Amino acid sequence: MRLSFRFRTIPFLATLVLVAVGILLGNWQVRRAAEKTTLQTRLTQRAALPPLVLDGKPVDPAAVEYRRVIVTGEFVPNWPLFLDNRPLEGRTGFIVLMPFRIAGGDDVVLVARGWVPRDPAVHDRVPQVATPSGRTTIEGLAVLHPARVMELGKAPPPRPGSIVQNVDPAGFAQASSLRTLPVLVEQTNADGSDLIRKWPAPAVDVDRNKGYAFQWYALAAMAFLFFVMTGFRSGTKQAG
């Protein structure tokens, strides 16, 4: 019995699509793994650096990101914001954001002060949070913006005391007319409030992305082998 291969257009096109998808998604996961490796290196290097003092001078966001920082000044009490859809340990709640005016000038830096639970009886009621008065010192980690959540449509500009899904320093500066540094500080030191400060670490699980890449490449290889093997099998049956 002579083996022969029967070329079939529709299975070939389906195989071509699967192979292309598998390679594209595998390559994407490889790039994500490389990005996370770079991020892990940056986190390790910057964790070893001494805290950076924010004194109102211009900062390069890329150079300051993930640096431990210290800033002295006072909170701007009339501009709290409440980040919505921020659950913690199975409970719903908000992250409280407030601008912090840096001592010696008019510049402010947006501070993520911590997490507070939502009132289960009144969904849109914002909590009352104690705010230190007068000069104080904040310690924390500089990030470019809070972790983002899915948001449908374009949100209106934030207002004092409003509940928002996402916000960044540039958007806050435009809405508040306050001269705002291009980074946000996730506060880590205590300030006498009941806010909970458990900030999620950046995702750097490189092995997971490598595993996903292997699965996508394997899918592409299996699709190609299946097309070849079924083609030869069909040819064998036809020859008999």
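Summary of the structure given here. (Residues numbered from 1 in each chain as written. Predicted model: local features only at pLDDT ≥ 70, side-chain atom pairs only at ≥ 80, totals over all residues. Heavy atoms only, no water.)

Another aspect to go through is helix 1 (residues 9–47). Along its 39 residues, helix 1 runs 57 Å from first to last C-alpha, staying within 8% of the 57 Å computed at 1.5 Å per residue. Among all positions in helix 1, only Thr15, Val19, Gly22, Gly26, Gln29, Ala33, Lys36, Leu39, Leu43 and Arg46 are buried. (Helix = DSSP H or I, 4+ residues; strand = E, 2+ residues; numbered from the N terminus. Expected span 1.5 Å × (residues − 1). Buried < 20%, exposed > 50% of the residue type's maximum accessible area, 1.4 Å probe, protein only.)

Where nonpolar side chains cluster on the molecular surface, the patch consists of Phe5, Phe7, Phe12, Leu13, Leu16 and Phe232 and spans about 550 Å² of accessible area. The element contributing the most residues to the nonpolar patch is helix 1, with three residues. Within the element layout of this structure, leucine 16 appears in helix 1. On the basis of relative accessible area, leucine 16 is assigned to the partly exposed category, the value being 48%. (Patch = residues over 30% accessible without salt bridge, like charges linked within 9 Å, V, L, I, M, F, W, Y side chains within 5 Å. Areas by Shrake-Rupley, 256 points an atom, 1.4 Å probe, with all protein chains shown as cover. Salt bridge = Lys/Arg side-chain N within 4 Å of Asp/Glu carboxyl O.)

A few words on the side chain of glutamine 165. When you line up the elements, glutamine 165 lands in the loop between strand 7 (163–164) and helix 3 (169–176). Reaching out from glutamine 165, the side chain makes a polar contact with the side chain of asparagine 85 at a distance of 2.6 Å. Excluding its chain neighbours within four sequence positions, the residues that come into contact with glutamine 165 are Leu83, Asp84, Asn85, Arg86, Val149, Met150 and Glu151. (Polar contact = N/O pair within 3.5 Å; in protein donor to acceptor, adjacent residues only side chain to side chain. Contact = heavy atoms within 4.5 Å.)

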